[in-house]
Amino acid sequence: MYDFEFEKPSSISDAITLLSSEEAMPLSGGQTLIPALKQRLNAPSKLVSLAGIPELRGVSVNEGGMLEIKGATTHAVIAKQASSHYPALSALASHIGDPAVRNRGTIGGSLANNDPAACYPAAVLASNGKIISNKREINSEDFFQGMFTTALDEGELITAVQFEIPTVANYQKFLQPASRFALTGVFVAKFDSGVRVAITGASENGVFRWSEAEALLSDNFSPSSLDVLTFSTDGLISDLHGTPAYRASLIKTLTKRAVIAAK
Amino acid sequence: MPKDFGIGVSQKRREDVRFLKGAGNYTDDINVVGQAFVHFLRSEVAHATINSIDTSAASNMPGVVRIFTGADFEGVGGLPCGWQVTDRNNEPMQEPPHPILAQGKVRHVGDPIAAVVADTYEQARDAVEAIKIDLDELPAVIDMADALTENAVKVHDELKSNLCYDWVLGETDNEKVQAAFDNAEHITTLELTNQRLVANPMEPRVAVGDYNQATEEHTLFTTSQNPHVIRLLMCAFVLGLPEHKVRVVAPDVGGGFGTKIFHYAEEAFCTFAAKACNRPVKWTSSRSESFVTDAQGRDHVTKIELALDSENNFTAIRTNTLANLGAYLSTFSSSVPTWLHGTLMAGNYKTPVIQVNVKAVFTTTVPVDAYRGAGRPEATFQLERVIDKVARELKLDPVALRRQNFITEFPYDTPVALTYDTGDYNGTMNKLEAAADFDGFAQRRSDTEANGKLRGLGVNCYIEACGIAPSNIVGMLGARAGLYDAATVRVNATGSISVMVGAHSHGQGHETVFPQVVAEMIGIDESQIEIVHGDSSKIPFGMGTYGSRSIAVCGSAMVRATEKVINKAKKIAAHLMEASDADIELKDGQFSVAGTDKSVAWGEVTLAAYVPHNFPLQDIEPGLEETAFYDPANFTFPAGAYACEVEIDPDTGQVSIERFCAADDFGNIVNPMIVDGQVHGGIGQGIGQALLESCSYDKDGQLLSGSYMDYAMPRADDVPFYAVDHSSQTPCTHNPLGVKGCGEAGAIGSPPAVVNAVIDALQSAGHDVDHIDMPVSPSRVWAAMQS
Ligand SMILES: Cc1cc2nc3c(=O)[nH]c(=O)nc-3n(C[C@H](O)[C@H](O)[C@H](O)COP(=O)(O)OP(=O)(O)OC[C@H]3O[C@@H](n4cnc5c(N)ncnc54)[C@H](O)[C@@H]3O)c2cc1C
């Protein structure tokens, strides 16, 4: 690691002030950032820990009926506390990494990082979610802007994430054998207004919605509705673990499985 | 009362008490007062000429003690290769220099260019970043076939080509081999890759060099499977130091799998720099560094042909293999594709004509050397895959086909230079059939199919050669080392015993197993016996632990030394009881005079040896300590039969291992629990190779799987509960314990079982697939099902 200053504020406003200095970075669970620092891939002047800020933690249902999760809430807490409100999201959180990762890693850190193989982005996009920052609300459609890229400005902090709660939903994650992130992951959420399908792990542009599948499933929420579709391989990731054709096939298979498993 | 000590008892591993409590003493736990830290500037490109290295800015950085480049090592030797292979034309292999720090050129990502010694590790890293290097990048040499073409870019300009050697074993007359194929009723050919693996011991490599100016003595603490070998190589070939002034210590070692056999640049560097800087110098590899500096394993591309007559007897085998050596010759690299691979090509079968052809190739990749099994897994995989293929083509029962061709009479001289002393392949296969419940497979398959999945059963055999020996023969074959081992049994006055052994556990449990043997021989409790290993200043000159040799070779030396101790103790007992030596019997720690009720206890005799008041001083020396060196007459030949059942999800290609049975013949067994553990671990590693692991380079020589984000290690849920049977036992005929060794068997025997099972499953669903290269990943299985 390079040298850096370390701050641990106890309020969002203090954190924002500290983050305004040049090259400062928020540190949440550190599950992504600390390994990057150890490899000297980042050189922040200052790390601002979010771990001591009570207003950044918690899971609740707000007045509008949306599930709201504060930005520095860990995966383990989400797995536990979201289970009665939104079982599919709770299940997703409970399958991230290992217990150490889940007890440290946070939803805000995951969304800010926007790893193309991360799990939450699919849930947020499929749930028509909103990212709440210290200065604005960002629709999920606008937030995810490609691999490791988001709408966040320098020094902007994710303070909460809001999810519309579907009637039924399910997340199917096919494990990349080494990292056990999603080689491809599909989140299907059925609302009264229609079905949303979000895919992670597959595209060179990060998480995206599969609109053809959404239309067919909104008409008939059955796996057989998808039989007529084939997913194009254009723009899909090719790496050691899967070709674009393989990922295209997984997208369809996992979407069907998510429809069957949705509850 | 059941036996509670000695040979055959599953004693719990005594070393685990400290390991599980976090109280082990690993090399990185060693900190010498005043130590500085070294960090290496390593090449980020696969192949380049070094124009210049500018260390001026770096030298002035805080904490920097000294910066070293290749120029500092000009008068120093390079890392030696311990085995000279002679090619098919009786020419020695091409042997390029392997400098400690790059001289003029870098040849793989990770090749060290410069080294900064500084007060702290982070300061050393800072200074490394401030070194300016000017490189002219050259084309990477990655594909072995390309590397052998006429106009290929050369990895070593001073060599004729990228070919290290072109080697042949077995029937060298091509016409005779061709005739055997011409006369065959059926020929099956298979082309396959045995992919490159990263060894990944849990403990990364560490070296701490220390120099005492007053005594002019060097100490090197290092993560090694064989401290004496390191001392010899480093002193004699690299640094030119007198051995008696150098102590090499390998304390607890957290796994090695072969990759900690070899002498590495960092060891020689820390030893050299400690004197040059007059400060202890420590290097601890990061995991990222270990991916680009630890010698890697396997990496063969092979074509194997098998000929059968009209009665399905194997009549000939011909193989052509390209073996990747990487950029330099690591310590035993040249022996792996040759004497540890070609010699195993007979397998368990009496094929009369065998020809093994191997071309070993230099590429701009990390050096390749022995990794658990070393050559034998490569031989087993191709042979057992091609047998499986022919069984399917001819619609034969794969077990019956194997049985029909088994070697049944021993000793058996193979056409590829070995003499199998003993074995019972049918007996071992019987054990497998019982354990694996072949009869129930049809039902299990239909249950699986009812769930929409495919099920396959794969079976294979393996033979391996452990405890490589004897020294005079391996010397003729090119080994530049002896392959004996040594033990000193030091009995203390009060009867407890320290046994100094040349073998060195890196996880195998020697501290538990070796005392069981001595306890058995003397008839005292194991708690009275302690193993001392891993320190060249304490142990006799032994060759260390690899090739499943420890109990077979070093254990034999220990038996011989213990016999000498017992013989002398009997003389002392005879004196004490005023009897004749010949009448003394030792049982349960008591010496008695045959046919009388006279006896003296072990402790009384040992006390007499060191307090020799009533002692035959005119006939024997006081004290009770003996050393023996043991050079085996032959290899040992463990063999086995393995069966794997897999399920495949046809939509995703995901393979899951549902059952795995291993029937092994390890000869006599000292500690059954530890043998189980060795087999479990070996199979886990074999399953890792079969399904998950792959060390891949892109065309520019960049490692694509350089971290655990992309290099898939097997985890607990990737492997099933194993059924392991080692009740088939044909004791080794030429060592005193009748033991054969069990460390590598699992890793050798399991990959073909897994792949055979996958092919069986796919063919059961009508897919026209006869091979998938490892790792048999979901995407590869899925792709195979689409065609
Ligand atoms: C072994 C392992 C397995 C994993 N498996 C999975 C998996 O299966 N699926 C998956 O989705 N993820 C997985 N992860 C990633 C894990 O979920 C991380 O926790 C997550 O990606 C980052 O969260 P963090 O809280 O640790 O963030 P940090 O590492 O602290 O920060 C990550 C980045 O986000 C920034 N940041 C952090 N919080 C905020 C905020 N509130 N506002 C703005 N920016 C912020 C930081 O500055 C940094 O740039 C795994 C990680 C590991 C180590």
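Keep in mind that this is a model prediction, so the values were computed, not measured.

(A) The overall build of chain B, seen in detail. Counting its regular elements, chain B contains 19 helices and 28 strands. The C-alpha radius of gyration of chain B comes to 27 Å, within 12% of the 28 Å expected for a compact globule of 787 residues. Going through the 787 residues of chain B one by one, you find that 62% of them count as buried. In chain B, 80% of the contacts between residues at least 6 apart in sequence involve partners at least 24 apart. Approximately 27700 Å² of chain B is accessible, and the part contributed by carbon and sulfur atoms is 49%. Of note, chain B has its 60 positive side-chain charges centred 2 Å away from the centre of its 102 negative side-chain charges.

(B) Region of the structure containing empty space enclosed by the protein. Residue and element names in this part refer to chain B. Here the structure, examined in full by the defined rule, presents 5 cavities of 30 Å³ or more. Around the largest cavity, the lining is made up of 23 residues, and of these L79, H98, Y264, T293 and P367 lie nearest the centre. Looking at the lining of the largest cavity residue by residue, the classes come out as 12 nonpolar, 7 polar and 4 charged. Of the pockets and cavities examined, the second largest cavity occupies roughly 60 Å³. Around the second largest cavity sit R298, H300, A323, N324, L325, S333, V336, P337, V368, D369 and E378, which together line it. The set of elements that each furnish at least two residues to the lining of the second largest cavity consists of β13 (297-308) and β14 (314-326). Here the lining of the second largest cavity takes 3 residues from β14, the largest share from any one element. Residues that form the lining of the second largest cavity fall into these classes: 5 nonpolar, 3 polar and 3 charged.

(C) Here's a closer look at the site of the ligand. Residue and element names in this part refer to chain A. Neighbouring residues of the ligand: 29 residues in total, closest P26, G30, L33, T106 and K173. In the environment of the ligand, an oxygen atom lies 2.8 Å from a nitrogen or oxygen atom belonging to the backbone of C119. Protein chains shield 89% of the accessible area of the ligand, which is 960 Å² for the free molecule. Per-element tally for the shell around the ligand: the top contributor is helix α6 (residues 107-113), with 4 residues.

(D) Here's a closer look at the domain arrangement of chain B. All names here are of chain B. When cut into domains, chain B gives domain 1 (27-138 + 202-255 + 260-293), domain 2 (297-469 + 634-786) and domain 3 (484-630). The C-alpha centroid of domain 2 is placed 36 Å from the C-alpha centroid of domain 1. Counting residues at the interface gives 30 residues for domain 1, matched by 30 residues for domain 2. Carbon and sulfur atoms supply 68% of the area that domain 1 and domain 2 bury against each other, a total of about 2400 Å² over both sides. When the area that domain 1 buries against domain 2 is broken down by residue, the three leading residues are W83, F262 and F291, summing to 28%. Across the contact surface, domain 1 and domain 2 share 0 salt bridges. Taken together, the links from domain 1 to domain 2 amount to 8 residue pairs in polar contact (both at pLDDT 80 or more). With 4 residues, the top contributor of residues to the side of domain 1 that touches domain 2 is helix α8 (residues 287-293). For the side of domain 1 that touches domain 2, the residue count by class is 16 nonpolar, 7 polar and 7 charged.

What counts, and where the lines are drawn
Residues numbered from 1 in each chain as written. Chains lettered and ligands numbered in written order. Predicted model: local features only at pLDDT ≥ 70, side-chain atom pairs only at ≥ 80, totals over all residues. Heavy atoms only, no water. Helix = DSSP H or I, 4+ residues; strand = E, 2+ residues; numbered from the N terminus. Rg over C-alpha atoms; globule rule 2.2 N^0.38 Å. Buried < 20%, exposed > 50% of the residue type's maximum accessible area, 1.4 Å probe, protein only. Contact = heavy atoms within 4.5 Å. Areas by Shrake-Rupley, 256 points an atom, 1.4 Å probe, with all protein chains shown as cover. Lys, Arg positive; Asp, Glu negative; His and termini not counted. Charge placed at Lys NZ, Arg CZ, Asp CG, Glu CD. 1 Å grid on protein atoms, 1.4 Å probe; cavity = no way out; pocket = protein on both sides within 12 Å on 5 of 7 lines; lining within 4 Å. Points joined across faces, edges and corners; volume = space filled by probe spheres on them. Nonpolar A, V, L, I, M, F, W, Y, C, P; charged D, E, K, R; others polar. Near = heavy atom within 4 Å. Polar contact = N/O pair within 3.5 Å; in protein donor to acceptor, adjacent residues only side chain to side chain. Domains from an automatic or database assignment. Buried area = accessible area lost by both parts, 1.4 Å probe. Salt bridge = Lys/Arg side-chain N within 4 Å of Asp/Glu carboxyl O.

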